[in-house]
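# Architecture and fold: a report
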Amino acid sequence: MSSNQIVIKKKSPATRCDICHMSDQFDSDTETCLRCSNVLIPASAIYSPPTMDVRPIDEVKSFQQFASKFIAYSFLAMVGSIFLTILFGLFQILPLAFIFAVLSFFLGGVFIISLGIFVLYMAGTLLASLVQNIYDSLRARS
Ligand SMILES: [Zn+2]
């Protein structure tokens, strides 16, 4: 027996509703839920064709939101740090100017690297959807 086989050791009847995931109104003998017995389930929910992209859309969107926020904040932090460097330089407070110069250097690095990763990610996503569209149109034609 290979190690990636799944062995079912015990099978037990369902104890909760598949729709609302609650057990309070669920009858395990008839496998019906009083709460959900009248809910209409669209056929698409029961049968959904296999898709190539397994990631949920909102997960992708939240990553994009997080990444764009992160890039925007690192840009603002870099600009603020550069501004403080110039300000402390003008007032001849050189230790602070030096600290903020180093800080703005690192923040600039963070900004450039995260922007680069985000651009690569977006380009990859666009390329993937382009390939998907070409694949779909080729399949529709045949
Ligand atoms: Zn239910």
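Preceding this section is the structure that the text describes.
Reference entry: report on the structure contained in this document. (Residues numbered from 1 in each chain as written. Predicted model: local features only at pLDDT ≥ 70, side-chain atom pairs only at ≥ 80, totals over all residues. Heavy atoms only, no water.)

## Topic: the overall build of the chain
Heads up, the condition is: A run of H or I in DSSP counts as a helix once it spans at least four residues, and a run of E counts as a strand once it spans at least two, with each numbered from the N terminus. Each residue is assigned to one of three classes by its accessible area relative to the maximum for its type, calculated with a 1.4 Å probe on protein chains only: buried under 20%, partly exposed between the two thresholds, exposed over 50%. The contact criterion used throughout is that any non-hydrogen atoms of two residues lie within 4.5 Å. Reported accessibility uses the Shrake-Rupley method at a 1.4 Å probe radius. Residues are deemed covered only where the shown protein chains occlude them.
Scanning the chain for helices and strands turns up three helices and two strands. For the chain, the succession of helices and strands along the chain, N to C, is β-β-α-α-α. Sorting the 142 residues of the chain into buried and exposed places 13% on the buried side. For the chain, the share of sequence-separated contacts (at least 6 apart) that also reach a separation of at least 24 residues comes to 42%. Of the accessible surface of the chain, which amounts to about 12100 Å², a share of 69% is contributed by carbon and sulfur atoms.

## Some remarks on the coordination of the zinc ion
Metal coordination angles in their ideal form are 109.5 degrees for the four-donor tetrahedron and 90 or 180 degrees for the six-donor octahedron. Spelled out, the test is: For Na, K and Ca the donor cutoff is 3.2 Å, while for all other metals N, O and S atoms must lie within 2.8 Å; water is not among the atoms, so some sites may look incomplete. Site shape is set this way: if four donors have all angles between 85 and 135 degrees, tetrahedral; if opposite donors are over 155 degrees apart and all others between 65 and 115, square planar for four donors and octahedral for six; otherwise irregular.
Each protein donor to the zinc ion is listed here as Cys17 (SG), Cys20 (SG), Cys33 (SG) and Cys36 (SG); together their distances run 2.2 to 2.4 Å. Taken together, the four donor atoms coordinating the zinc ion span angles of 105 to 117 degrees at the metal, a pattern that classifies the geometry as tetrahedral. For the zinc ion, the single-chain donor residues occur in sequence as C-x2-C-x12-C-x2-C. An identical accessibility class is assigned to Cys33 and Cys36; each is buried.

## Focus on helix 3 (residues 94–141)
Here is the rule: Expected helix span is given by 1.5 Å per residue-to-residue step, counting one fewer step than there are residues.
The end-to-end C-alpha distance of helix 3, which contains 48 residues, comes to 69 Å, matching closely the 70 Å that a straight helix rising 1.5 Å per residue would cover. Restricting attention to buried positions, one finds in helix 3 the residues Ala97, Phe100, Ser104, Gly108, Phe111, Ser114 and Phe118.

## Quick word on the layout of surface pockets
Note the cut-off: For cavity detection a 1 Å grid was placed over the protein atoms alone, and a set of points counts as a cavity when a 1.4 Å probe fits there but cannot get out; an open set counts as a pocket when protein lies on both sides within 12 Å along at least five of seven lines, with lining residues being those that have an atom within 4 Å of a point. Grid points are joined across faces, edges and corners, and a volume is the space filled by probe spheres set on the points. Polar here means any residue outside two lists: the nonpolar Ala, Val, Leu, Ile, Met, Phe, Trp, Tyr, Cys and Pro, and the charged Asp, Glu, Lys and Arg; Gly therefore counts as polar.
As a volume, the second largest pocket reaches approximately 180 Å³. Forming the walls of the second largest pocket are Ala14, Arg16, Cys17, Asp18, Ile19, Phe26, Glu31, Thr32, Cys33, Cys36 and Ser37. In the lining of the second largest pocket, the residues fall into six nonpolar, two polar and three charged.

## Some thoughts on the packing of aromatic side chains
Just so we agree on the cut-off: Think of it this way: a Phe, Tyr or Trp ring, Trp meaning its six-membered ring, pairs with another when their centres are within 6.5 Å, and the plane angle makes it stacked under 30 degrees, edge-to-face over 60, tilted otherwise.
For the structure on display, the rule yields five aromatic pairs. Arranged with centres 5.0 Å apart and planes meeting at 45 degrees, the rings of Phe75 and Phe111 form a pair that is tilted. Of the two residues, Phe75 sits in helix 2 (residues 57–90) while Phe111 sits in helix 3, which places them 36 residues apart along the sequence. Of the residues examined, Phe111 reaches a relative accessible area of 13% and is grouped as buried. Here the aromatic rings of Phe105 and Phe106 are separated by 5.8 Å at their centres, their planes lie at 75 degrees, and the arrangement is edge-to-face.

## Quick word on the nonpolar core
Here is the rule we go by: Here, nonpolar core refers to any group of buried Ala, Val, Leu, Ile, Met, Phe, Trp, Tyr and Cys residues whose side-chain atoms link them within 4.5 Å.
Within the largest apolar cluster, five residues are counted, these being Ala67, Ile71, Met78, Phe111 and Phe118. Those elements giving two or more residues to this core turn out to be helix 2 and helix 3. For this core, the leading source of residues is helix 2, giving three residues. Here Ile71 is in contact with Phe111, Ser114, Leu115 and Phe118, once residues within four sequence places are set aside.

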